[in-house]
Amino acid sequence: MTKDKDASEPAGVGSDEAEPDGDEDSIPFDDDGPEFTSVDATENRLDDLIDEVESSLGIEGPFASLLPGFAPREEQSHLAVAVARALAGGRVLVGEAGTGTGKTFAYLVPALLSGQRVIISTGTRHLQDQLFRIDLPLVRKALGGAVSTSLLKGRSNYLCKHRLGRAMGHPVLNDAASRKHLAIINEWAGRTKHGDISEVAAVPEDSPVWSFITSSEEFCAQHEFDELDDCFVHSARKRAQEADIVVVNHHLLCADLALKEEGFGEILPSANSFVIDEAHQLPDIAAQFFGRKLSSRQLLDLSRDSVTEQLIEAPDAKDLRDIAQMLETSVRHFRLGFPVEPMRDAWLTVRESDVLQRELERLGDTIDALVAALADNASRGKGIEGCHKRALIQQLTLRRFVEDEASVGTGGGGSDREDFGAASHDDYVYWFETYQTGFMLNMTPLSVAGPFGRAMESMAASWIFTSATLAVGGDFSHFRRQLGLHDGDELQVDSPFDYRRNALLYLPINLPEPQAGNYTEQLIQTILPVITASAGRAFLLFTSYRALHQAERLLRDRLPYPLLVQGQMPRGELIEAFRSYGNAVLLGTASFWEGVDVRGDALSCVIIDKLPFGSPGDPVMSARIDQMKRTGGNPFYEYQIPQAAITLKQGVGRLIRDVTDRGVLVIGDPRVRSRGYGEVFINSLPPMPITRDVAEVEQFFAAEPVVLPVDSPVESPVESPVKSPVESLD
């Protein structure tokens, strides 16, 4: 995640709301909101806006006097002007801003000066919190004016007073820890203004109590709109309806777009413009919301809620209670139909299993019976009625996995949201994931370009997509293709950090091919001198958990530095421990490739084991590859390489986080040199010197950096004799 160096206001400035999270349902707004300036600005207004933006970020602007050490950045100004043009002209902008550009201010300044209602969507909780609590109040202070702001969170982050009342006597929460947590929450509930559960630091995030007392779509569906005066979710959305600037996350944004695509209402207020930060994450998140899923947890929640509502609203309907309890048994048996070990694979690989088919049929019959029983009693109370609506949706989702391909979407006559009749079976990949005791059935669209593009076209608004990693070798076509962005402007601004002076790329020689059985062992042997030269202070980023754990075993007794491993403690605590030690070595995968910001001397070396190609065994990737082949495309160059290059850029971005940072990047994968496509990866990285000699790495850490001439030759990624130990990389 890119963080602005000039975003340095102490925490707690502005509103005390917390970050959004999770998916959402639709709650109607009770008014149309205030009027805002039209995006159909005159040319004079555009010129005025650009002048205001440039002067605000200039040497004599308000930030220069407000922030000690502030210095104008040409790259930031270029991006801010491009954002201003897009906002004023109702256009689409795809803009990549290298680390250190200050992209957050580059879109906040024109957004606040535009006079429009702007929805800003971010990809991570940390960035949301920084944006709303620190960056946004600071920009408001600098620019002045009366721009109102709001942070809209996911429903599961709000307390529901009604559910809390029920949970206080719930038999499942009768253990000592749960009773203690409930007492703490109940005391807090009497004084909170916003119902933000992050205010309750004394109750752990993983406490089972939270799932019983936070707002839920199912419970809210049982209440009329005029009964929601004391609902924290309703209050938060009302504040968002009245605000000029609304900060959300990609999950909330995509949930809203999916509802609008299906014609089932909306979550977010209308807006003149949308700014999508960390936009590289958007295609994968959008796929979750334009698809469907059915989990064991959803089914078990339905079973338990049906029993609870039956006891309250229809105590004589024992048959309903019996069927609801049967559903829990059917869910447990269905999990037993899969292999014992947790796995993730295409549905077609298991659907012919006799055992699974038998349990699938049993599960389907039980859901059908529960739907009928709930329908018979739905008139007896809102709780049972709400359970019936949920059961219908889960029943129809399961049918997509039960029916033959030829009959999928051909019956039922329901709405698109209920039976997905408008969607072709070929538009989705059907896959499953199993856990120790649970499962998830997934329908993921092969592409979100169609629905996302239609959602954009349905709204007369500007769209700004920005991230530090959108282009592949200067080309935005991969990102555009994923979201169906056919028109609009593009801008790529490089990082202002001096990578030529402060960074070095080390490509080791004589390592085996990545698929070799001894690859990780040889890599660890090769990088030990690098870790010694850097005196620890290193991230080792892996493309698989297997390689990570193997590296941990190989390094455990061989390092004189603290060794931290993903999974030892929560991610935030692990990063804090890394900073505190000052000479630690951290092993991570997946989430550690992005969103980690360690500035200064504590992190001076990033080692990447392999080029981060997606697993060919991943069912979604495999299906997308097959589809591209069927349509005459080249999935390796059009999909797999661009995806891997963007992920690599994220990992590399952990190294240099500030203007004074120095460090060495190590890419162990020999394919960077030995394959022609290695050039795509090399050209996607910031320009920095390159070496294949570990002695040059040792010299880098031991001495001040040497300034290389700008016209130094660029190393070819294809294997060639080493003529010089240090070469320039453009």
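Residues take numbers from 1 onward in each chain, read along the sequence in its written order. pLDDT decides what is reported in this predicted model: residues at 70 or higher carry local features, side-chain atom pairs at 80 or more are listed and counted, and totals for whole chains, interfaces and linings draw on all residues regardless. Where side-chain values are given, they derive from all heavy atoms of the structure, hydrogens and water being excluded.

Peer 1: Can you walk me through the overall build of the protein in this structure?
Peer 2: Regarding its fold elements, the protein presents 28 helices and 19 strands. When accessible area is computed with a 1.4 Å probe and restricted to protein chains, residues below 20% of their type maximum are described as buried, those above 50% as exposed, and intermediate ones as partly exposed. Here the protein holds 730 residues, and the buried ones make up 56% of them. By definition, residues are in contact when any of their heavy atoms lie within 4.5 Å. Across the protein, the fraction of contacts at a sequence separation of at least 24, relative to all contacts at a separation of at least 6, is 79%. Carbon and sulfur atoms form 50% of the exposed surface of the protein, whose accessible area is close to 30200 Å². Secondary structure elements are taken from DSSP: a helix is a run of H or I of four residues or more, a strand is a run of E of two residues or more, and numbering for both begins at the N terminus. Computed with a 1.4 Å probe, the accessible areas rest on the Shrake-Rupley method; for each residue, only the protein chains presented here act as cover.

Peer 1: Would you explain the pattern of salt bridges in this entry?
Peer 2: Proximity of charged atoms lets side chains of opposite charge pair with each other. Put simply, a salt bridge is a Lys or Arg side-chain nitrogen that is within 4 Å of an Asp or Glu carboxyl oxygen. Inspection of the entire model under this criterion finds 31 salt bridges. For Arg351, the salt bridge identified is with Glu352, shortest N-O distance 3.7 Å. A salt bridge links Glu359 to Arg358; the shortest N-O distance between them is 3.8 Å. According to the relative accessible area criterion, Glu359 is buried, its value standing at 6%. Look at Arg358 and you get partly exposed, because its relative accessible area is 47%. Counted as one network, the salt bridges with shared partners bring together Asp597, Arg599, Arg657 and Asp658.

Peer 1: Please explain the packing of helix α3 (residues 74-89) against helix α4 (residues 103-113) as it appears in this structure.
Peer 2: All axes here are fitted lines through C-alpha atoms, helices being fitted over the stretch that makes contact, and every angle between N-to-C directions spans 0 to 180 degrees. At a minimum axis distance of 8 Å, the contact between α3 and α4 shows a crossing angle of 35 degrees. In this structure, α3 meets α4 at a crossing whose hand is right-handed. In this structure, α3 contributes Gln76, Leu79, Ala80, Val83, Ala84 and Leu87 to the contact, and α4 contributes Lys103, Phe105, Ala106, Tyr107, Pro110 and Ala111. Here the nonpolar group is Ala, Val, Leu, Ile, Met, Phe, Trp, Tyr, Cys and Pro; Asp, Glu, Lys and Arg are the charged ones; every other residue, Gly included, is treated as polar. Residues belonging to the contact of α3 with α4 are distributed by class as follows: ten nonpolar, one polar and one charged. For a crossing to be left-handed, the near helix must be turned anticlockwise from the far one by less than a right angle; the clockwise case is right-handed.

Peer 1: It is not clear to me how the sheet that holds strand β5 (residues 273-276) should be interpreted in this structure. Could you clarify?
Peer 2: Adjacent strands of a sheet form backbone hydrogen bonds with each other and so pair up, either parallel or antiparallel. By definition, two strands form a pair when at least two bridges between them are found by DSSP. As summarised here, the arrangement of the seven strands in space is β3-β4-β2-β5-β10-β1-β11, forming an open sheet in which the pairing is parallel. Unpaired on one side and paired on the other, β3 (149-151) and β11 (489-493) mark the two borders of the sheet. The sheet shows a mean angle of 15 degrees between the axes of neighbouring strands, taken without regard to direction.

Peer 1: Looking at this structure, I do not really get the nonpolar core. What am I missing?
Peer 2: The nonpolar side chains of a soluble globular protein tend to be buried with one another. Counting residues in each nonpolar core, the largest one holds 61 residues, and the members touching the most others are Ile185, Ile213, Phe274, Phe452, Trp463 and Phe465. Considering every element that reaches this core, the biggest residue donor is helix α11 (residues 250-262), with seven residues. Among residues more than four places away in sequence, those in contact with Ile213 are Tyr158, Leu159, Cys160, Arg163, Leu164, Ala167, Leu182 and Ile185. Take the buried residues of types Ala, Val, Leu, Ile, Met, Phe, Trp, Tyr and Cys, join any two whose side-chain atoms come within 4.5 Å, and each joined set is a nonpolar core.

Peer 1: I'm lost on the sheet that holds strand β6 (residues 292-295) in this one. Help?
Peer 2: An order of β6-β9-β8-β7 is seen for the four strands of this open sheet, with the pairing classed as antiparallel. Looking at the sheet topology across the chains shown, the edges are occupied by β6 and β7 (344-346). The mean inter-strand angle of the sheet, taken between neighbouring strand axes irrespective of direction, is 20 degrees. The sheet contact formed by β6 and strand β9 (residues 439-445) spans four bridges and is antiparallel. Paired with Leu294 across the bridge in β9 is Leu441. Lying on the sheet, helix α13 (residues 296-313) is in contact with β6 and β9; it crosses β6 at an angle near 60 degrees.

Peer 1: Sorry if this is basic, but what is going on with the packing of aromatic side chains here?
Peer 2: Describing an aromatic ring pair means giving the distance of the ring centres and the angle of the ring planes. Only centres within 6.5 Å qualify two rings of Phe, Tyr or Trp (six-membered ring in Trp) as a pair; their planes then separate them into stacked at under 30 degrees, edge-to-face at over 60, and tilted for everything else. Within this structure, the stated rule accounts for 20 aromatic pairs. Ring plane angle 35 degrees and centroid distance 5.0 Å describe the contact between Phe338 and Phe432, whose orientation is recorded as tilted. Linking Phe338 in the loop between α14 (318-336) and β7 with Phe432 in strand β8 (residues 428-434), this pair joins segments that are 94 residues apart in sequence. Each member of the aromatic cluster is reached from another via a ring pair, and the members are Phe274, Phe452, Trp463, Phe465 and Phe479. Note on geometry: a ring has a charge over it if NZ (lysine) or CZ (arginine) is within 6 Å of the ring centre and within 35 degrees of the ring normal. Between the NZ or CZ atom of Lys153 and the centre of the ring of Tyr158, over which it lies, the distance is 4.0 Å. The aromatic ring of Phe592 is capped on one face by Arg571, whose charged end is 5.6 Å from the ring centroid.

Peer 1: Help me understand unusual backbone geometry in this model?
Peer 2: Most of the time, phi is negative for any residue but glycine, and the peptide bond is trans. Here Glu278, not a glycine, exhibits a phi torsion of approximately 50 degrees, which is positive. By secondary structure assignment, the location of Glu278 is in the loop between β5 and α12 (282-289). Glu278 sits in the buried class, given a relative accessible area of 1%. Of note, Arg537 is a non-glycine position whose phi angle comes to about 50 degrees, a positive value. The topology assignment puts Arg537 in the loop between α21 (519-533) and β13 (538-542).

Peer 1: I keep staring at the confidence of the model for the protein and nothing clicks. Help me out?
Peer 2: Averaged over every residue, the pLDDT of the protein is 85; the share at 70 or more is 85%. Per residue, pLDDT captures the predictor's confidence, and it can take any value from 0 to 100. Considering only residues more than four positions removed or in separate chains, one finds that residues 705-730, a stretch of pLDDT under 50, has 64 contacts.

Peer 1: Please clarify how helix α10 (residues 232-242) should be interpreted in this entry.
Peer 2: Residues spaced three or four apart along an α-helix point in a common direction, a consequence of the helix completing one turn every 3.6 residues. Among the residues of α10, Phe232, Val233, His234, Ala236, Arg237, Ala240 and Gln241 are the ones counted as buried. Lining the buried residues of α10 we find β3, α6 (161-167) and β4 (245-249).

Peer 1: It is not clear to me how the packing of α14 against helix α15 (residues 354-377) should be interpreted in this structure. Could you clarify?
Peer 2: A packed helix pair is summarised by two numbers, namely the angle formed by the two axes and the spacing between the axes. Contact pair α14 / α15: the axes reach a minimum separation of 9 Å and the direction vectors enclose 160 degrees. Taken together, the axes of α14 and α15 lie roughly antiparallel to each other. Along this stretch, α14 crosses α15, giving a crossing that reads as left-handed. Of α15, the residues touching α14 (which contributes Leu320, Ile323, Ala324, Met326, Leu327, Ser330, Val331, His333 and Phe334) are Leu356, Glu359, Leu360, Arg362, Leu363, Thr366, Ile367, Ala369, Leu370, Ala373, Leu374 and Asn377. Classifying every residue of the contact of α14 with α15 gives 15 nonpolar, four polar and two charged. Roughly parallel means an angle under 35 degrees; roughly antiparallel means over 145; roughly perpendicular covers 65 to 115; every other angle is labelled oblique.

Peer 1: I would appreciate a short explanation of the pairing of strand β10 (residues 462-467) in the present structure.
Peer 2: The side chains of a regular strand alternate between both faces of the sheet. In terms of burial, β10 is a largely internal element, six of the six residues being buried. Of the strand pairs in this sheet, strand β1 (residues 92-97) and β10 are connected by five bridges, and their pairing is parallel. Paired with Val92 across the bridge in β10 is Trp463. Sheet analysis places β5 next to β10, joined by four bridges and oriented parallel. Bridge pairing in β10 places Ile276 opposite Phe465.

Peer 1: Explain the environment of Arg692 to me, please; I cannot follow it from the model alone.
Peer 2: Among the structural elements, Arg692 can be located in the loop between β18 (688-691) and α28 (694-702). In this structure the C-alpha to C-alpha distance between Arg692 and Pro508, which are 184 residues apart in sequence, comes to 5.3 Å.

Peer 1: Where do I start with α4 in this structure?
Peer 2: With respect to burial, α4 is a largely interior element, eleven of its eleven residues being buried. All of the buried residues along α4 are Lys103, Thr104, Phe105, Ala106, Tyr107, Leu108, Val109, Pro110, Ala111, Leu112 and Leu113. Of the residues one or two after α4, Gly115 is the one with positive phi, at around 75 degrees.

Peer 1: Would you explain the pairing of β1 in this entry?
Peer 2: Most of β1 sits inside the fold, with six of its six residues counted as buried. Residues Val92, Val94 and Glu96 of β1 are buried on one face, and the alternating residues Leu93, Gly95 and Ala97, pointing to the opposite face, are buried as well.

Peer 1: Would you mind going over a negative patch on the surface with me for this structure?
Peer 2: Patches here are clusters of residues that have more than 30% relative accessible area and form no salt bridge, with a 9 Å joining cutoff for like charges and a 5 Å cutoff for nonpolar side chains (Val, Leu, Ile, Met, Phe, Trp, Tyr). Counted as positive: Lys and Arg. Counted as negative: Asp and Glu. His and the chain ends are not counted at all. Taken as the charge location is NZ of Lys, CZ of Arg, CG of Asp or CD of Glu. A surface patch of like charges, here negative, comprises Glu43, Asp47, Asp48, Asp51 and Glu54. Among the secondary structure elements, Glu43 is positioned in helix α1 (residues 43-56).

Peer 1: How do you make sense of the environment of Asn377 when you look at a structure like this?
Peer 2: Its place among the elements puts Asn377 in helix α15. The class for Asn377 is buried, based on a relative accessible area of 10%. The sequence separation of Asn377 and Ala317 amounts to 60 residues, and the corresponding C-alpha distance is 8.0 Å. When sequence neighbours within four positions are dropped, the list of residues in contact with Asn377 reads Ala314, Ala317, Leu320 and Ile384.

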